Amino acid sequence: DAGVIQSPRHEVTEMGQEVTLRCKPISGHDYLFWYRQTMMRGLELLIYFNNNVPIDDSGMPEDRFSAKMPNASFSTLKIQPSEPRDSAVYFCASSKGTGRKGYGYTFGSGTRLTVV
Amino acid sequence: GNSVTQMEGPVTLSEEAFLTINCTYTATGYPSLFWYVQYPGEGLQLLLKATKADDKGSNKGFEATYRKETTSFHLEKGSVQVSDSAVYFCALSVRFYGGATNKLIFGTGTLLAVQP
């Protein structure tokens, strides 16, 4: 199993540009999560999906952020337009099950976004 | 509400010292509890978990016991190594009767630095 695959690993972009982050979850996992990690705020849950349907997007900071999951093997997080304060490491994670059995998440290696 | 509180770091220890990282939680419902570890430049990895009161999770010499009476899940290791240097996150996943929720809530993380 290749694990959760994120791309790109690093992204440097200019303020105002559109940024798209990509994630391929583990096959068979029915939950997918997008997190943002910064020194100031730690790990923040942005949005999560169950069976490709967005369940909770209350953590999405602004309308500039959007996420999609067109199928079970692919998700994107888009920022348009990007701002310097969006600079962070963005993690995708996937899991199987409802949590009643204590399934943990498998995280990708993250995308380090720098907006200049 | 649901939350996790971890001791602030950094925790600096000499090799072979005993480690404790405190974690307490507040939760509605019946949480599962987790410890994740993040090595520099990498995503989070599940270290251990416990799904009900008095369960003990263990992995790689680390262990933590789910204490419902004190709402705690402290991480311990008898003899740390330099390779254990990382950030450790405590987390909970809340589930409800008849429901299905799989949302992980993370603590702020504790940096462990082990010196030779």
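Above this text is the structure in question.
Residues numbered from 1 in each chain as written. Chains lettered and ligands numbered in written order. Predicted model: local features only at pLDDT ≥ 70, side-chain atom pairs only at ≥ 80, totals over all residues. Heavy atoms only, no water.

*Asks:* Break down the pattern of salt bridges for me, citing the residues and quoting the values.
*Replies:* Residues and elements named next belong to chain A. Taken as a whole and judged by the stated rule, the model has 11 salt bridges over all chains. E18 is paired through a salt bridge with K78; the nearest N and O atoms lie 3.9 Å apart. Within this pair, whereas E18 is found in the loop between strand 2 (10–13) and strand 3 (19–24), its partner K78 is found in strand 8 (residues 74–79), the two being separated by 60 residues in sequence. Exposure remark for E18: the relative accessible area of 45% places this residue in the partly exposed category. (Salt bridge = Lys/Arg side-chain N within 4 Å of Asp/Glu carboxyl O. Helix = DSSP H or I, 4+ residues; strand = E, 2+ residues; numbered from the N terminus. Buried < 20%, exposed > 50% of the residue type's maximum accessible area, 1.4 Å probe, protein only.)

*Asks:* Break down unusual backbone geometry for me, citing the residues and quoting the values.
*Replies:* Along the chain, S7 of chain A connects to P8 of chain A via a cis peptide bond; the corresponding omega equals -10°. Cis geometry marks the peptide bond from Q80 of chain A to P81 of chain A, where omega comes out at -5°. Along the polypeptide, P81 of chain A turns up in the loop between strand 8 and strand 9 (88–95). In the Ramachandran plot, N52 of chain A falls in the positive-phi region, its phi being about 75° despite a non-glycine side chain. Counting through the fold element by element, N52 of chain A comes out in the loop between strand 5 (42–50) and strand 6 (53–56). When its relative accessible area of 26% is taken as the criterion, N52 of chain A is described as partly exposed. Positive phi values are uncommon outside glycine, yet E16 of chain B reaches one of about 80°. Relative to the helices and strands, E16 of chain B is located in the loop between strand 2 (11–14) and strand 3 (19–21).

*Asks:* Describe in detail the nonpolar core, supporting the description with residues and values.
*Replies:* A general tendency of soluble globular proteins is for nonpolar side chains to be buried together. Among the nonpolar cores identified, the biggest contains 27 residues, and L19, W35, L47, L48, F73, L75 and Y88 of chain B are the most heavily contacted of them. Elements with a contribution of two residues or more to this core: strand 2, strand 3, strand 4 (23–26), strand 5 (32–38), strand 6 (44–50), strand 8 (62–65), strand 10 (86–94) and strand 12 (110–115) of chain B. Sorting elements by how many residues they give to this core places strand 10 of chain B first, with five residues. In this view, L47 of chain B contacts W35, Y36, V37, N59, K60, F62, L75 and Y88 of chain B; residues no more than four positions away in its chain are not counted. In terms of nonpolar packing, the next biggest core, distinct from the first, is built from 20 residues, I26, L32, F65 and C92 of chain A among them. (Core = buried A, V, L, I, M, F, W, Y, C linked by side-chain atoms within 4.5 Å. Contact = heavy atoms within 4.5 Å.)

*Asks:* Let's hear about the pairing of strand 5 of chain A: which residues, and what values?
*Replies:* All names here are of chain A. Across the nine residues that make up strand 5, a large majority, eight, are buried. Across eight bridges, strand 4 (residues 31–38) lies against strand 5 in antiparallel orientation. Looking at the pairing, W34 lines up with I47 of strand 5. Connecting strand 4 to the antiparallel partner strand 5 that follows it, the hairpin turn spans three residues. Here strand 5 runs beside strand 6; their pairing, made up of three bridges, is antiparallel. Residue N50 lies in a different strand from strand 6, and its bridge partner there is V53. What sits between strand 5 and strand 6 in their antiparallel hairpin is a turn of two residues, with N51 showing a positive phi close to 50°. (Pairing = 2+ DSSP bridges.)

*Asks:* Tell me about the sheet that holds strand 3 of chain A, and name the residues and values.
*Replies:* Either a parallel or an antiparallel arrangement is found when strands of a sheet pair, and the pairing is made through backbone hydrogen bonds. Residues and elements named next belong to chain A. Reading across the sheet, the four strands line up as 1-3-8-7 and stay open at both edges, with antiparallel pairing between neighbours. Each having just a single partner strand, strand 1 (5–7) and strand 7 (65–71) make up the two edges of the open sheet. Here the average twist between neighbouring strands, direction ignored, is 15°. (Axes fitted to C-alpha atoms, helices over the stretch in contact; angles between N-to-C directions.)

*Asks:* Outline the state of the cysteines, supporting the account with residue identities and numerical values.
*Replies:* All told, the structure shown has two disulfides over all chains when counted by the stated rule. Disulfide partner of C23 of chain A: C92 of chain A, at an S-S distance of 1.9 Å. Around the S-S axis, the bridge from C23 of chain A to C92 of chain A shows a dihedral of about -65° and counts as left-handed. Note that C23 of chain A is positioned in strand 3 and C92 of chain A in strand 9, a separation of 69 residues in sequence. For C23 of chain A, a relative accessible area of 1% corresponds to the buried category. Among the residues examined, C92 of chain A registers a relative accessible area of 0% and is labelled buried. A disulfide bridge connects C23 of chain B with C90 of chain B, and the sulfur atoms are separated by 2.0 Å. Across the disulfide from C23 of chain B to C90 of chain B, rotation about the S-S bond amounts to roughly -70°, and the bridge is consequently left-handed. (Disulfide = S-S within 2.5 Å.)

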